[in-house]
Every structure is written in structure tokens, then in C-alpha cells.
Amino acid sequence: MENLALVFVIIAIVVAIMIFFYFVPINLWITARFSGVRINLFELVFMRIRKVSPRLIVESLITAQKAGLSEITSSELETHYLAGGNVPTVIKALISADKANIRLTFKQATAIDLAGRDVFEAVQISVNPKVINTPSVAAVAQDGIQLVAKARVTVRANIAQLVGGAGEETILARVGEGIVTSIGSATSHKAVLENPDKISQLVLQRGLDAGTAFEILSIDIADIDVGTNIGAKLQIDQANADLKVAEARAEERRAMAVAHEQEMKAKSQEARANVIQAEAEVPLAMAEAFRNGNLGIMDYYKMQNIQADTGMRQSISGEGQEGTGEIGRRHEDDE
């Protein structure tokens, strides 16, 4: 039992020592003191209690101190760490900006870092300008010929505009818009092919980097190709559309003519029916005249002779027996 108790005591002592050295990082304090960084041991203990990595803060302070950035304090780094910032990246950016004679304060660097931008990359772009290749931009000159252009945009980071400034997508969109405007204002595509630098000059004059996180240094036309003849294609499409409209109108007039013809045929049939109906009443009228004594037998024969003479003349003249009426047809039936 005594041995077991001794083992528990030894384990407890070891655990206590580990906890002590975890909350009291004496080795970090010694390293900081020998590196010329003045920091209190209790500050390291309080960092551990506040769940801040003392090693990260101490190593960042040592790096800044060795680079000549002695104005940075542990409290500022701890505050940035608690805000969710990347402390080593900020220190690297400040050192790089200081070596390149770029004015960048700790407050600016932390603001850029908390805004979600890579502050170290921004400083690198300020030192070494970045080249952005635009996608193919198609535009049509005034003579109807399409041109497809590609450009290379050389930009430099604008430290003062990194917070709240637009990114690369805005630069690409504005450059594409400028290329379309420049080509569209050209009277001929040949003039653009002869002097593509006019596109760059016109685009640069528009101040496309306003409100962005970059400063445009130059815009170079990398490639320009001749596309399709959009003007001729539009004229062909317009001609086809006009042809279809004309065909539709002609078909409409033809349909109206056919309808009118059918209407006239219907009226002709109606008139013919009226004539036949009127001729059908003639025998009834003659019978009524015979009964009333208004028509004699000799009158009837005279009328028959007249109709026969009329039919003969029509037959000789080639008109046939059309239009002789019901009486003439009945006379032919009697013969």
C-alpha cells in the first residue's frame, strides 16, 4: 500500500510540474530575454489563461525585434490574435514593406489582414507588379467586322485602397469594357489592326483603377484576331426576315383572293338558283293564263317558234343552248 501511495504521489508531482510549466513558459521567457525582447513572465501566464499562444507571440516579437520593428508590442499582437488575425503574416508583411521602403503601419497591416486579404502578398505585388491576363474580348468595329482581343494588364497593389477596394475581377471587367468601347468606336477594323496600341491608350485614359485595390501600370494588347463579319450576318438575317414577311403578306393576299373567288362563285350559284326558280314559275303562269283565257293556243305556238328561232341562231353562232331557259329545254324535250 505504501508503494502504491508513493506512485500516486510521484504521478501527482509530475502532473503538477507539467501544468506549472504549461502555464508558466519559463523557456519562452528566457528565449525572449536573450533575444532582446522585454516581456514579463506574468504576461506569458496571462496569455495562456486567455488562450493565446505565447510561443507565437514571442516568436513574432523576436522576428520583429531582429528586423528593427521595435515599436510593436506584445499587447498589439495579442489583440490581433484574439481578433482572428494571422500574426506571423502581418509581421512578414511589415518587414517586407520596411525593407522595400513602402509605408505600411501596423494598424494598416492588421486591418488588411482582418479584411480577408493576404497582406504579405499585397506587399509583394507592390514590390513586384503582377500581370493579369484578360480572357478573349470580342467587339465589333463600325464596319461590321468582329475583332477578338486579349490583353495583359500590369498592376501594382495600392496599399491605401486594399481595405474596401475592388479586386481583380473588377479590373478585368473594366478593361474588357474599355476594349469593347475602343474597338466599337473605330470606323474600320483595319485601323485597329494597324495600331492596336490605340486600344491601350484609350483604355488607360479612362482611369479604370479608380476605387480598386490596384494601380494599373500598363495595358498591352497581347493578341488580336479577326472574327466573323457580324454586319453581313445581320444584313442576311434582316433580308431573310423581310423575305418571310413578304411571303406572309403575299400568302395573305392570295388567301383573300381565293376567299373572294369562292364568295363570287357562291353568289353566282345563288343567282343561278334564283333564275331557275323564276323559270320554274313560267309554266305555272302560262297554265294560269290558259285557264283565264288570257293566252290562246296560237300565242303559245308563236312563242314556241320564237324560242326555236332563238335557239337556232345561238347554235349557229356557237353559243349553244345555254341560257335558253326552262321553256327552251322543254321544247327540245318535246322534239
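Everything numeric in this text was worked out from a predicted model, so none of it was measured.

Here we take up helix 4 (residues 54-66). The terminal C-alpha atoms of helix 4 lie 18 Å apart, and with 13 residues this matches the ideal 18 Å at 1.5 Å per residue to within 8%. Inspection of helix 4 places Pro 54, Ile 57, Val 58, Ser 60, Leu 61, Ile 62 and Ala 64 among the buried residues, and these make up the whole buried set. Close packing links the buried residues of helix 4 with helix 2 (26-34), helix 3 (41-49), helix 5 (74-82) and helix 6 (87-99). Phi turns positive, to about 90°, at Gly 68, one or two residues after helix 4.

This brings us to the side chain of Ser 60. Position of Ser 60 relative to the elements: it lies in helix 4. With sequence-adjacent residues up to four places away left out, Ser 60 is seen in contact with Leu 77, Val 87, Pro 88 and Ile 91.

The next point concerns the confidence of the model for the protein chain. The predicted structure's coordinates, where accompanied by low pLDDT, should not be read in detail. The pLDDT averaged across the protein chain works out to 80; a share of 89% of its residues lies at or above 70. Confidence, read as mean pLDDT per element, is least for helix 14 (residues 325-334) in the protein chain (46) and greatest for helix 6 (89). Segment residues 320-335 is flagged for pLDDT under 50; beyond a separation of four residues in sequence, or across chains, it makes 19 contacts in the model.

What follows concerns the environment of Arg 33. Locating Arg 33 in the fold gives a position in helix 2. On the basis of relative accessibility, which here comes to 41%, the residue Arg 33 falls in the partly exposed class. The sequence separation of Arg 33 and Ile 62 amounts to 29 residues, and the corresponding C-alpha distance is 9.7 Å.

Let's shift gears to the pattern of salt bridges. A side chain with one charge may pair with a side chain of the opposite charge, provided their charged atoms come close. In the structure shown here, the tally under the stated rule is 6 salt bridges. Two residues, Arg 156 and Glu 215, come together in a salt bridge whose shortest N-O distance is 3.0 Å. Note that Arg 156 is positioned in strand 3 (residues 145-157) and Glu 215 in strand 4 (residues 214-229), a separation of 59 residues in sequence. With a relative accessible area of 29%, Arg 156 lands in the partly exposed category. Lys 265 is paired through a salt bridge with Glu 261; the nearest N and O atoms lie 3.6 Å apart. Placement of both Lys 265 and Glu 261 in helix 12 (residues 230-292) is noted, with a separation of 4 residues, approximately one turn of the helix. Assessed through its relative accessible area of 40%, Glu 261 is described here as partly exposed.

Nonpolar side chains in soluble globular proteins tend to be buried together. Counting residues in each nonpolar core, the largest one holds 56 residues, and the members touching the most others are Ile 72, Leu 77, Leu 94, Leu 104, Val 153, Ile 179 and Ile 183. Broken down by element, this core gets its largest block of residues, 7 residues, from helix 6. Not counting residues up to four positions away in its chain, the partners in contact with Leu 94 are Leu 69, Ile 72, Leu 104, Thr 105, Phe 106 and Ala 109.

Let us look at the packing of helix 2 against helix 4. Helix packing geometry: the angle between the two helix axes and the distance between the axes. Packing of helix 2 against helix 4 brings their axes to within 10 Å, and their N-to-C directions diverge by 5°. By the angle between their directions, the pair helix 2 and helix 4 is classed as roughly parallel. Note on element contacts: helix 4 touches helix 2 through Pro 54, Arg 55, Val 58 and Ile 62, opposite Asn 27, Leu 28, Thr 31 and Ala 32. The residue inventory of the contact of helix 2 with helix 4, partitioned by class, reads 5 nonpolar, 2 polar and 1 charged.

Packing of helix 4 against helix 6 brings their axes to within 10 Å, and their N-to-C directions diverge by 5°. As far as their axial angle goes, helix 6 and helix 4 are roughly parallel. Residues Leu 56, Ser 60, Thr 63 and Ala 64 of helix 4 touch helix 6, and the partners they reach there are Val 87, Pro 88, Ile 91 and Ile 95. When grouped by side-chain class, the residues that make up the contact of helix 4 with helix 6 number 6 nonpolar, 2 polar and no charged.

Rules and cut-offs
- Residues numbered from 1 in each chain as written.
- Predicted model: local features only at pLDDT ≥ 70, side-chain atom pairs only at ≥ 80, totals over all residues.
- Heavy atoms only, no water.
- Helix = DSSP H or I, 4+ residues; strand = E, 2+ residues; numbered from the N terminus.
- Expected span 1.5 Å × (residues − 1).
- Buried < 20%, exposed > 50% of the residue type's maximum accessible area, 1.4 Å probe, protein only.
- Contact = heavy atoms within 4.5 Å.
- pLDDT = per-residue confidence, 0-100.
- Salt bridge = Lys/Arg side-chain N within 4 Å of Asp/Glu carboxyl O.
- Core = buried A, V, L, I, M, F, W, Y, C linked by side-chain atoms within 4.5 Å.
- Axes fitted to C-alpha atoms, helices over the stretch in contact; angles between N-to-C directions.
- Parallel < 35°, antiparallel > 145°, perpendicular 65-115°, else oblique.
- Nonpolar A, V, L, I, M, F, W, Y, C, P; charged D, E, K, R; others polar.

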